[in-house]
Amino acid sequence: MNAYLAVNAASANPPQLVHLVYKPKNAKKKIVLVGKGLTYDCGGLSIKTAEYMLTMKADKGGACAVLATINALAHLHAEAEVHAVLGLAENMISGSSYRPDDILISKEGKSIEVRNTDAEGRLVLVDCLSFAQDLEPDLIVDFATLTGACVVGLGSYTSGIMGNNEELKTQFEESALKSGELVGKLPFNRHLRKLLDSKMADIANISPGRYGGAVTAGVFLSEFIREEYKDKWLHIDIAGPAYLEKEWDVNVAGASGVGVRMCVQFVLDILA
């Protein structure tokens, strides 16, 4: 998992890949939930400004949501085998930092040109998604505070739904809205894939322009999803509502637990 390990290379703390399993006897489906767990993100050598480092303790929101979801489903005795994969890491700076211009080899064997070390969450996720596919599930859903671009596009209170399967995206959207969480579907545009082209590797970790950043991040992840799982995978960008400094709706200020209600409802709906 060289992409994942590169992100944590400068941290004084070792990375932790956490794999939790809830396995009832009467499971109807096998579902893997994957969570981005950046316990802190300073941006690495492509360092954030001081303003944007505030609240970066919340960059583990995806992993927290996945942890809470599997716990809830177990307590509800859901008739699904649920796996939670948490990619825990810390993106810091030291002499051992990974660098822009590095070429990383992912678990899937694809090479990645690093153009920005602050596009680190997707590097953690691709190796965790590779691990998730090895579990041979019926569905994979990842949750990540992945892009500021998603917040620009959908606002602070709405999560973005991405994936290759429009029917599955709509199904998740309906469950999420039923649960009381706000979501919006974002389309994959095949032309945006060209923005991730690299002369030195199979793919670059970020596009050269600022526009469509939430979608290009999703397209990047999709490149590491095997053909047989393309239509069984969803990516949920929770960057907007995961952590806010003012109360909103039913949520207090701070960490909202976004993703838990929508994912629990989605799993229960597909089992109904």
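Definitions and cut-offs
- Residues numbered from 1 in each chain as written.
- Predicted model: local features only at pLDDT ≥ 70, side-chain atom pairs only at ≥ 80, totals over all residues.
- Heavy atoms only, no water.
- Helix = DSSP H or I, 4+ residues; strand = E, 2+ residues; numbered from the N terminus.
- Rg over C-alpha atoms; globule rule 2.2 N^0.38 Å.
- Buried < 20%, exposed > 50% of the residue type's maximum accessible area, 1.4 Å probe, protein only.
- Contact = heavy atoms within 4.5 Å.
- Areas by Shrake-Rupley, 256 points an atom, 1.4 Å probe, with all protein chains shown as cover.
- Axes fitted to C-alpha atoms, helices over the stretch in contact; angles between N-to-C directions.
- Parallel < 35°, antiparallel > 145°, perpendicular 65-115°, else oblique.
- Left-handed = near helix turned anticlockwise from the far one by under 90°.
- Nonpolar A, V, L, I, M, F, W, Y, C, P; charged D, E, K, R; others polar.
- Core = buried A, V, L, I, M, F, W, Y, C linked by side-chain atoms within 4.5 Å.
- Expected span 1.5 Å × (residues − 1).

(A) Representation of the overall build of the protein in the model. Counting its secondary structure elements, the protein contains eight helices and twelve strands. By the compact-globule yardstick of 19 Å for 272 residues, the protein fits well, its C-alpha radius of gyration being 17 Å. Taken along the three principal axes of its C-alpha coordinates, the protein extends 50 × 40 × 40 Å. Per-residue burial for the protein yields a buried fraction of 54% across its 272 residues. The long-range fraction of contacts in the protein, counting pairs at least 24 apart against all pairs at least 6 apart in sequence, stands at 76%. A total accessible area of about 11900 Å² is found for the protein, and carbon and sulfur atoms account for 54% of it.

(B) Spatial organisation of the packing of helix α3 (residues 61-75) against helix α8 (residues 260-271). Close contact between α3 and α8 brings their axes to 9 Å; oriented N to C, the two are set at 45 degrees. Viewed along their axes, α3 and α8 adopt a mutual orientation that is oblique. Crossing handedness for the pair α3 and α8: right-handed. Every residue of α8 that contacts α3 at A65, A68, T69, A72 and L73 is listed here: V260, C263, V264, V267 and L268. When grouped by side-chain class, the residues that make up the contact of α3 with α8 number nine nonpolar, one polar and no charged.

(C) Here's a closer look at the nonpolar core. In this structure, V34, I112, L123, F220 and L221 are the most contacted members of the largest nonpolar core, which totals 40 residues. For this core, the secondary structure elements donating two or more residues are α1 (2-8), β2 (29-41), β3 (80-91), α4 (121-134), β6 (139-144) and α7 (213-222). With near-sequence residues (within four places) excluded, F220 lies in contact with I112, R122, L123, V126, L196, I203, A204 and N205. If you look at the next biggest cluster of nonpolar residues, it comprises 34 residues, including A80, A176, I236 and V267.

(D) Representation of α8. Taking 1.5 Å of rise per residue, twelve residues should cover 16 Å, and α8 covers 17 Å from first to last C-alpha, within 8% of that figure. Residues of α8 that are buried include every one of V260, M262, C263, V264, F266, V267, I270 and L271, and no others.

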